[in-house]
Amino acid sequence: MRKILAAVLALAAAGALAQDYPVREMRSICNFTAGSGADIIVRYYSDKLSKLAGKPVIVENRAGAQGLVATDYVAKAKPDGYTILITPASSTLATAPHIFKQVPFDPLKDFAPVTTLNSLAFTIVVDAAKPYRTIDDLLAALREKRDNGFYGTQSNSGQVTGELLKQMRGLKTVYVPYKATGDALASLLGGDVDFLTVDATWASTMHPHKIRILAVTSAKRSGALPDIPTMAEQGFKDFDITPWWGVVVPAGTPRPIVERLAAWFNQINGTDDTKQFLARAALDIFPGSPESMAALLKTEIARWKGFVELAKIEKM
């Protein structure tokens, strides 16, 4: 009876806490530097959240170690709903354990998922001056080249995209790493590489003037690029490389607070302002719930383990 009474009292206390929440300002932790693309997204959602919550939401940039610094900070924060992480979760949570030798947090145990927010397709692009119109056109040209030509990218997701394409069609195309997408574009237009694997945000700004987008890597077509077919539509079954953003809070945050945050973020995603904001960045709205994000994160951690092994990405 004592255990039952304690549980009832705990639930009642959590409910009362959520009813008043928030009573002061909140902190929104950003994994990356001020002014970066990620920072712009974090600040947008934080500003909208402050209006719904009725309290200031202060953005704190804690950049470092490709997002690890901020993520670890939130994992160790007080679980009271006043420290949140709006993050590219497919990389900072799902991929991180597989690309770092040591990760100071457990992505499943140290966080309470709130909801997914948006997703970003990757693309396969070629020089617009080339005659390639489909992935099959590109593959036919690659098969005529020694070692099946070259491809370039400057991200882990881009490398995984290229290596998955090679595996599914038995190619040996050589991967060329770049530190900046602008350098990769120069190599593409100069004929040093045959195609690039880049995110839809960048590709949409260059298409159709300098590049031609042959495919998006998401399971369904991108809202920002509705006329571009998916890899699956072009014969690559189950091809799906779609980085995504989500919100987490420290594990142990009262469930009513988690649910309130989820409702607020989904309300933000339902506005025309947000749809237009995301469309400008070639992002697709990806609503969810604490349960759906928890399930997705578990699946993505397993998937990205296989992807990192496929691409032979060395741990840092």
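This structure is a prediction, so every number in the text was calculated from the model and none was measured.

**Q** Help me understand the overall build of the protein chain in this model?
**A** In terms of helices and strands, the protein chain carries 11 helices and 11 strands. For a compact globule of 316 residues, the expected C-alpha radius of gyration is about 20 Å, and the protein chain comes in at 21 Å, within 12% of that figure. When the backbone C-alpha atoms are referred to their principal axes, the protein chain occupies close to 75 × 40 × 35 Å. When each of the 316 residues of the protein chain is scored for burial, the buried share is 51%. Once local pairs closer than 6 in sequence are excluded, the contacts in the protein chain between residues at least 24 apart make up 78%. Carbon together with sulfur atoms contributes 56% to the accessible area of the protein chain, which is approximately 14,600 Å² in total. If you average the places of the 36 positive and of the 31 negative side-chain charges in the protein chain, the two averages end up 4 Å apart.

**Q** So what exactly am I meant to see when it comes to the sheet that holds strand S9 (residues 211-216) here?
**A** Sheet strands associate in pairs through backbone hydrogen bonding, adopting either a parallel or an antiparallel arrangement. The sheet built from five strands is open, its strands ordered S7-S6-S8-S5-S9 with mixed pairing. Each edge of the open sheet carries a strand with a single partner, namely strand S7 (174-177) and S9. Each strand of the sheet is rotated relative to its neighbour by a mean of 30°, with strand direction disregarded. Pairing between strand S6 (residues 150-153) and S7: four bridges, direction parallel. Each residue of the ladder has a partner; that of Gly152, found in S7, is Val176. Here helix H7 (residues 181-189) sits on the sheet in contact with strand S5 (122-127), strand S8 (195-199) and S9, set at roughly 155° to S8.

**Q** Would you mind going over the sheet that holds strand S3 (residues 83-87) with me for this structure?
**A** Ordered in space as S2-S1-S3-S10-S4-S11, the six strands form an open sheet in which the pairing is mixed. Every other strand in the sheet has two partners, leaving strand S2 (57-61) and strand S11 (284-285) as the edge strands with one partner each. With two bridges connecting them, strand S4 (residues 111-119) and S11 associate as antiparallel partners. Counterpart to Ser119 in the pairing with S11 is Asp284. Running at roughly 160° to S2, helix H2 (residues 37-53) makes contact with strand S1 (26-30), S2, S3, S4 and strand S10 (244-250) of the sheet.

**Q** What is the right way to read the pairing of S6 from this model?
**A** What joins S6 to S7 is helix H6 (residues 156-169), and the crossover it makes is right-handed. Across two bridges, the pairing between S6 and S8 is parallel. Of the residues in S8, the one forming a bridge with Gly152 is Leu196.

**Q** Would you explain H6 in this entry?
**A** Think of an α-helix as 3.6 residues a turn; residues three or four steps apart then line up on the same face. Between the first and last C-alpha of H6 there are 20 Å, a value that for 14 residues agrees with the 20 Å anticipated at 1.5 Å per step. With 10 of its 14 residues buried, H6 lies for the most part within the structure. Packed against the buried residues of H6 are S5, helix H5 (135-143), S6, S7, S8 and helix H11 (290-311). One or two residues past the end of H6 sits Gly170, with phi positive at roughly 65°.

**Q** Looking at this structure, I do not really get unusual backbone geometry. What am I missing?
**A** With the exception of glycine, the majority of residues adopt a negative phi angle, and the majority of peptide bonds are in the trans configuration. In this model, Tyr21 is joined to Pro22 through a cis peptide bond whose omega is -5°. Of note, the amide linkage connecting His207 to Pro208 takes the cis form, showing an omega dihedral of 0°. Inspection of the secondary structure assignment puts Pro208 in the loop between helix H8 (200-206) and S9. Positive phi, normally seen in glycine, also occurs at Ala65, with a value near 55°. Note on placement: Ala65 falls in the loop between S2 and helix H3 (68-75).

Scoring rules and cut-offs
Residues numbered from 1 in each chain as written. Predicted model: local features only at pLDDT ≥ 70, side-chain atom pairs only at ≥ 80, totals over all residues. Heavy atoms only, no water. Helix = DSSP H or I, 4+ residues; strand = E, 2+ residues; numbered from the N terminus. Rg over C-alpha atoms; globule rule 2.2 N^0.38 Å. Buried < 20%, exposed > 50% of the residue type's maximum accessible area, 1.4 Å probe, protein only. Contact = heavy atoms within 4.5 Å. Areas by Shrake-Rupley, 256 points an atom, 1.4 Å probe, with all protein chains shown as cover. Lys, Arg positive; Asp, Glu negative; His and termini not counted. Charge placed at Lys NZ, Arg CZ, Asp CG, Glu CD. Pairing = 2+ DSSP bridges. Axes fitted to C-alpha atoms, helices over the stretch in contact; angles between N-to-C directions. Right-handed = clockwise from strand over helix to strand, strands pointing away. Expected span 1.5 Å × (residues − 1).

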